[in-house]
Amino acid sequence: HEGKTGAYASAISTFEYWATHNELNLAKSNFTHFDKNPADQTKIEIIELSKDGISVSHVNIIGGGHTWPGSNPFNIGLPLGKTSQEIDINEVIWKFFNQNSKK
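Residues numbered from 1 in each chain as written. Predicted model: local features only at pLDDT ≥ 70, side-chain atom pairs only at ≥ 80, totals over all residues. Heavy atoms only, no water.

### Examining unusual backbone geometry
If a residue is not glycine, its phi is most likely negative; likewise, a peptide bond is most likely trans.
Moving on, step 1. Even without glycine at this site, Gln-41 takes up a positive phi of about 60°.
Moving on, step 2. Following the sequence through the fold, Gln-41 ends up in the loop between strand S1 (30-34) and strand S2 (43-51). (Helix = DSSP H or I, 4+ residues; strand = E, 2+ residues; numbered from the N terminus.)

See the structure below:
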C-alpha cells in the first residue's frame, strides 16, 4: 500500500500516475465510501476518474489484509490480515474491464 522507495510506487501514487498519464483531472475524482458489513472490520474507498472513454480506478480496502476481498477468510499460519467481505473484488475488476474494453 505504501510503496517502496527505489522499487515500486504506492497504490495511490500509481493511480495518480495513470490519471495524469491519461490527462484526467485529479480534482474531478469521484470518491465512494461504504461499510455495509461492519462485522468484518473493514471499509471501502473507491476513487474513480473517467473522461472520453478513459477511466482510472483505485480501490482501497481500509483495515484489510493481504487477502482477496470477497473470498472465504482463511488462515494458513501466515499473518495475512482480515479478508474484507465489503465487496467481491472479482465483480469489481470484471465491471471495470467490461466497461473499459479497448475498442
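### What to know about the packing of aromatic side chains
Moving on, step 1. Applying the stated rule across the entire model yields 2 aromatic pairs.
Moving on, step 2. Here Tyr-17 and Trp-18 contribute two aromatic rings whose centre-to-centre distance is 5.0 Å and whose plane-to-plane angle is 85°, an arrangement assigned as edge-to-face.
Moving on, step 3. A residue is classified by how much of its surface remains accessible, and Tyr-17, at 47% relative accessible area, is partly exposed.
Moving on, step 4. Summarising the aromatic geometry, the rings of Phe-96 and Phe-97 are spaced 5.3 Å apart at their centres and angled 85° between planes, so their arrangement reads as edge-to-face. (Phe/Tyr/Trp six-rings, centres within 6.5 Å; stacked < 30°, edge-to-face > 60°. Buried < 20%, exposed > 50% of the residue type's maximum accessible area, 1.4 Å probe, protein only.)

### Structural notes on the confidence of the model for the protein chain
Moving on, step 1. With 97% of its residues at a pLDDT of 70 or more, the protein chain has an overall mean of 91.
Moving on, step 2. Within the protein chain, the element-level pLDDT minimum falls on helix H2 (residues 89-99), averaging 94, and the maximum on S2, averaging 96. (pLDDT = per-residue confidence, 0-100.)

### What to know about the pairing of strand S3 (residues 54-62)
Moving on, step 1. Bridge count for S2 against S3 is 9 bridges, and the pairing is antiparallel. Paired with Glu-48 across the two strands is Ser-57, which belongs to S3.
Moving on, step 2. Once S2 ends, the chain turns through 2 residues before running back antiparallel as S3, passing Asp-52 with a positive phi of about 50°. (Pairing = 2+ DSSP bridges.)

### Some points on the environment of Glu-45
Moving on, step 1. Within the fold, Glu-45 resides in strand S2.
Moving on, step 2. Note: C-alpha distance between Glu-45 and Glu-86 (41 residues apart in sequence) is 10 Å.
Moving on, step 3. Polar side-chain contacts of Glu-45 include one of 3.0 Å to the side chain of His-33. (Polar contact = N/O pair within 3.5 Å; in protein donor to acceptor, adjacent residues only side chain to side chain.)

### Some words on the side chain of Thr-83
Moving on, step 1. When you line up the elements, Thr-83 lands in the loop between S3 and H2.
Moving on, step 2. Among the polar contacts listed, one links the side chain of Thr-83 to the side chain of Thr-67, at a separation of 3.4 Å.
Moving on, step 3. When neighbours within four sequence positions are excluded, Thr-83 is seen to be in contact with Asp-40, Thr-67, Trp-68, Ser-71 and Pro-73. (Contact = heavy atoms within 4.5 Å.)

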